Amino acid sequence: MNSTKGKRTITYREAVKEAIREALQRDSRVFLMGEDVGHYGGCYAVSKGLLDEFGPERIRDTPLCESGFVGAGIGAALGGMRPIVEVMTVNFCLLALDQIVNTAATLLHMSGGQCNVPLVIRMATGAGKQLAAQHAHSFEGWFAHIPGLRVLAPATVEDARGMLWTALADPDPVLICENNTLYNMEGELAADAGPVEIDTARVRRPGSDLTLVTYSASLYKCLEAAGVLALEGIDCEVIDLRTLRPLDDAPILSSVARTHRVLIVDEGWRSGSLSAEIAARIMERAFYELDLPVERLCTAEVPIPYARHMEQAALPGVDGIVATARRMVHNG
């Protein structure tokens, strides 16, 4: 880490590790559990060194049984603990879907408000690392469909570090989706960085000609595309959703009223996607602000390929964002 004028440069990975370490230090009820989080240091090295620092009671390696250890996390949360459950990849969450959707998300309702489940589940999502179809999908939009869950998608190092403590303070289950392509990314973080709010979307770049709505790793593709388009005189506003459920649509609707054009970039598949929900809300609440229909760029509707050139072709990319935005502005 480098430090200058009250800020320091830190990787996304180290920001997440700092957040976990701070949580463990601040609250004796917090512990981390998951596959290979202890002796191995985590599949993405996020928890490396924490076992030596906090011991096996607080950093717990689990069997390869997502349903079992997510269920154990739910039980611990009901018992007054504040577990951080790490699932190695979002694909493996499907093995714990019953625990997440039918138990964690529903217990407060089914108990008549008596049983909160203050559980945090962290998972790596997304493609781009040649991990093939069983390790590289973006299912966060599925979980954003479920009442009773809060779903976070931190894109910046500030959010990667700050969202965890806020999530741990939430009385209900929170899923934190960390795109695996971001772990090596560097960013600036304030020396006194602490918790951040997890309720609102943020405008990461103001603009007047077209609104780009996105989240997670696609934020950086949109910012890069906006830089290219700016050289052509096209001024794009870029909105980072940050929280996928509950969805903060106020900044989106406000932006539409200024730009009158919207392009949604979503690494999920197009059919039944989060982008479809956003487009529907815009059509329902800001239809007469639009100069042309809402457009979407999503992952091709195929299992994520292993071959790098095919994987990249399947994902929304900077060139596609630039070409679509250019057409929308000039032909709209």
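Everything here concerns the structure above.
Novice: Quick question: what am I supposed to make of a nonpolar patch on the surface here?
Specialist: Among the surface-exposed residues, Leu94, Leu97 and Trp142 lie close enough to one another that they form a single nonpolar patch of about 260 Å² accessible area. Structurally, Trp142 can be placed in helix H6 (residues 140–143).

Novice: Before we go on, may I ask you to explain the environment of Glu295 in this structure?
Specialist: By the element assignment, Glu295 lies in strand E15 (residues 295–299). A residue is classified by how much of its surface remains accessible, and Glu295, at 21% relative accessible area, is partly exposed. Residues contacting Glu295, with those up to four places away along its chain left out, are Val262, Leu263, Ile264, Thr324, Arg327 and Met328. Side-chain polar atoms of Glu295 contact the side chain of Arg327, separated by 2.8 Å.

Novice: How should I be thinking about helix H9 (residues 250–259) in this particular structure?
Specialist: Residues spaced three or four apart along an α-helix point in a common direction, a consequence of the helix completing one turn every 3.6 residues. The complete set of buried residues in H9 reads Pro251, Ile252, Leu253, Ser255, Val256 and Thr259. Remark: His260 follows H9 within two positions and exhibits a positive phi of approximately 70 degrees.

Novice: So what exactly am I meant to see when it comes to the state of the cysteines here?
Specialist: By definition, a disulfide links the sulfur atoms of two cysteine residues through a covalent bond. If you walk through the whole model with that rule in mind, you get zero disulfides. Cysteine Cys222 shares no disulfide, and the gap to the nearest cysteine sulfur, in Cys236, comes to 8.8 Å. Classification of Cys222 as buried rests on a relative accessible area of 0%. We note that Cys298 lacks a disulfide partner, and the nearest cysteine sulfur, in Cys222, lies 11 Å from it. Its relative accessible area of 15% is what places Cys298 among the buried residues.

Novice: I keep staring at the pattern of salt bridges and nothing clicks. Help me out?
Specialist: Proximity of charged atoms lets side chains of opposite charge pair with each other. Counted by the stated rule, this structure contains 24 salt bridges. Glu57 is the salt-bridge partner of Arg60, the closest N and O atoms lying 3.0 Å from each other. Taking the relative accessible area as the measure of exposure, Glu57 reaches 57% and is therefore exposed. In this structure, the salt-bridge partner of Arg258 is Glu237, at a minimum N-O distance of 2.3 Å. Residue Arg258 is located in helix H9, and its partner Glu237 is located in strand E12 (residues 236–240); the two are separated by 21 residues in the primary sequence. Accessibility expressed as a relative area gives 42% for Arg258, which makes it partly exposed. By relative accessible area, which is 2% here, Glu237 ends up buried. It is possible to trace a salt-bridge network through shared partners that takes in Glu158, Asp159, Glu197, Arg202, Arg204, Asp240 and Arg242.

Novice: Can you help me understand the side chain of Thr211 in this one?
Specialist: Mapped onto the secondary structure, Thr211 falls in strand E11 (residues 210–214). In this structure Thr211 comes out as buried when scored by relative accessible area, which is 0%. Within the structure, the side chain of Thr211 is placed 2.5 Å from the side chain of Ser255, a separation counted as a polar contact. Reaching out from Thr211, the side chain makes a polar contact with the side chain of Thr259 at a distance of 2.7 Å.

Novice: Would you mind showing me how to read the packing of helix H8 (residues 218–230) against helix H12 (residues 318–331) here?
Specialist: Any two packed helices are characterised by how steeply their axes cross, that is the angle between the axes, and by the distance between the axes. As a packed pair, H8 and H12 sit with axes 9 Å apart at the nearest point and diverge in direction by 50 degrees. Classified by the angle their axes make, H8 and H12 are oblique. Considering only the axes of H8 and H12, their crossing is right-handed. Residue-level contacts link Lys221, Cys222, Glu224, Ala225, Val228 and Leu229 of H8 to Val318, Ile321, Val322, Ala325 and Arg326 of H12. Its residues placed into classes, the contact of H8 with H12 shows eight nonpolar, no polar and three charged.

Novice: Quick question: what am I supposed to make of unusual backbone geometry here?
Specialist: When glycine is set aside, most residues are seen to have a negative phi, and most peptide bonds are trans. The step from Arg245 to Pro246 runs through a cis peptide bond, and the omega angle for that step is -5 degrees. Mapped onto the fold, Pro246 is located in the loop between strand E13 (243–245) and H9. Of note, Arg242 is a non-glycine position whose phi angle comes to about 65 degrees, a positive value. Considering the arrangement of structural elements, one finds Arg242 in the loop between E12 and E13. The backbone of His260 shows a phi angle near 70 degrees, a positive value even though the residue is not glycine. Structurally, the position occupied by His260 is in the loop between H9 and strand E14 (262–269). A residue is classified by how much of its surface remains accessible, and His260, at 23% relative accessible area, is partly exposed.

Novice: Is there a simple way to think about the pairing of strand E9 (residues 186–190) in this case?
Specialist: The side chains of a regular strand alternate, first on one face of the sheet and then on the other. Here E9 shows a buried face lined by Gly187 and Leu189 and an unburied face lined by Glu186, Glu188 and Ala190. Strand direction decides the pairing type here: strand E2 (residues 7–11) and E9, joined by five bridges, are antiparallel. Opposite Lys7, over in E9, you have Ala190 as the bridge partner.

Novice: In this structure, what is going on with the side chain of Thr324? I would like to understand it.
Specialist: In this fold, Thr324 is placed in helix H12. Thr324 gets classed as buried once you look at its relative accessible area, which sits at 10%. Every residue in contact with Thr324, bar those within four places of it in the chain, is listed here: Leu263, Glu295 and Leu297.

Calculation notes
Residues numbered from 1 in each chain as written. Predicted model: local features only at pLDDT ≥ 70, side-chain atom pairs only at ≥ 80, totals over all residues. Heavy atoms only, no water. Patch = residues over 30% accessible without salt bridge, like charges linked within 9 Å, V, L, I, M, F, W, Y side chains within 5 Å. Areas by Shrake-Rupley, 256 points an atom, 1.4 Å probe, with all protein chains shown as cover. Salt bridge = Lys/Arg side-chain N within 4 Å of Asp/Glu carboxyl O. Helix = DSSP H or I, 4+ residues; strand = E, 2+ residues; numbered from the N terminus. Buried < 20%, exposed > 50% of the residue type's maximum accessible area, 1.4 Å probe, protein only. Contact = heavy atoms within 4.5 Å. Polar contact = N/O pair within 3.5 Å; in protein donor to acceptor, adjacent residues only side chain to side chain. Disulfide = S-S within 2.5 Å. Axes fitted to C-alpha atoms, helices over the stretch in contact; angles between N-to-C directions. Parallel < 35°, antiparallel > 145°, perpendicular 65-115°, else oblique. Left-handed = near helix turned anticlockwise from the far one by under 90°. Nonpolar A, V, L, I, M, F, W, Y, C, P; charged D, E, K, R; others polar. Pairing = 2+ DSSP bridges.

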